[in-house]
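# Understanding the architecture of this molecule
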Amino acid sequence: MAYTDSNAGVHLRVFLQDSGANIAAYHNDGGWNYQGTVIGPLRPGRRLAALEWKTGTELRIFYQADDNKVREQAQSEAGAWYTGEYVS
């Protein structure tokens, strides 16, 4: 995911399943920075999709839980992750 900040240029965000089977967040403002675990651990190979709007202040991660249901994690404007809506 990428967004532009008029003060700092382009920002990149990457979400991936790390070697500990957690969904982890990384952010790049000229160098990669680990931003923490979003959810996990989950069985390896789980699917995920990320969505953001409002130039990065509204973030949602939709992921395939170990029970194969699609669930959501959301990030507050303060940066804390919390359980979002049950999707399916």
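Use the structure listed above.
Residues numbered from 1 in each chain as written. Predicted model: local features only at pLDDT ≥ 70, side-chain atom pairs only at ≥ 80, totals over all residues. Heavy atoms only, no water.

### Considerations on the nonpolar core
Put simply, the rule is: To form a nonpolar core, buried Ala, Val, Leu, Ile, Met, Phe, Trp, Tyr and Cys residues must be joined to one another through side-chain atoms within 4.5 Å. Classification of residues uses two cut-offs on accessible area relative to the type maximum, computed with a 1.4 Å probe and protein chains only: under 20% is buried, over 50% is exposed, and between them is partly exposed. Only DSSP runs of H or I with at least four residues qualify as helices, and only runs of E with at least two residues qualify as strands; both kinds are numbered from the N terminus onward. Contacts: residue pairs with any heavy atoms within 4.5 Å of one another.
Among the nonpolar cores identified, the biggest contains eight residues, and these are Phe15, Ile23, Ala25, Val38, Leu42, Ile61, Tyr63 and Ala65. Listed by contribution, the elements that provide at least two residues to this core are strand E3 (23–28) and strand E6 (58–64). Other than its neighbours up to four places away in sequence, Leu42 contacts Gln17, Ala21, Ile23, Tyr63, Gln64, Ala65 and Asp66.

### Description of a nonpolar patch on the surface
In plain terms, the rule: Patch building starts from residues that exceed 30% relative accessible area and form no salt bridge, then joins like charges within 9 Å and nonpolar side chains (Val, Leu, Ile, Met, Phe, Trp, Tyr) within 5 Å. The Shrake-Rupley method, run with a 1.4 Å probe sphere, supplies the accessible areas, and residue values consider only the shown protein chains as cover. Note on definitions: salt bridges are taken to be side-chain nitrogens of Lys or Arg within 4 Å of carboxyl oxygens of Asp or Glu.
Side chains of Leu12, Val14, Leu16 and Trp32 sit close together on the surface and give an oily, nonpolar patch of about 330 Å² of accessible area. The element best represented in the nonpolar patch is strand E2 (residues 9–17), accounting for three residues. Residue position: Leu16 is located in strand E2. Accessibility expressed as a relative area gives 31% for Leu16, which makes it partly exposed.

### A closer look at the pattern of salt bridges
Should the charged atoms of two oppositely charged side chains come close, the side chains can pair. Scanning the entire structure with this criterion turns up three salt bridges. Here Glu52 and Arg13 are joined by a salt bridge, their closest N and O atoms 3.3 Å apart. Remark: Arg13 occurs in strand E2 and Glu52 occurs in strand E5 (residues 48–53); sequence separation between them is 39 residues. By relative accessible area, Glu52 is classed as buried at 16%. We classify Arg13 as buried; its relative accessible area is 10%.

### Details of unusual backbone geometry
Here the bond from Gly40 into Pro41 is cis, since omega is 0°, no more than 30 degrees from zero. Mapped onto the fold, Pro41 is located in the loop between strand E4 (32–39) and E5. For Ala21, which is not glycine, the phi dihedral falls at a positive 70°. With respect to the helices, strands and loops of the structure, Ala21 is situated in the loop between E2 and E3.

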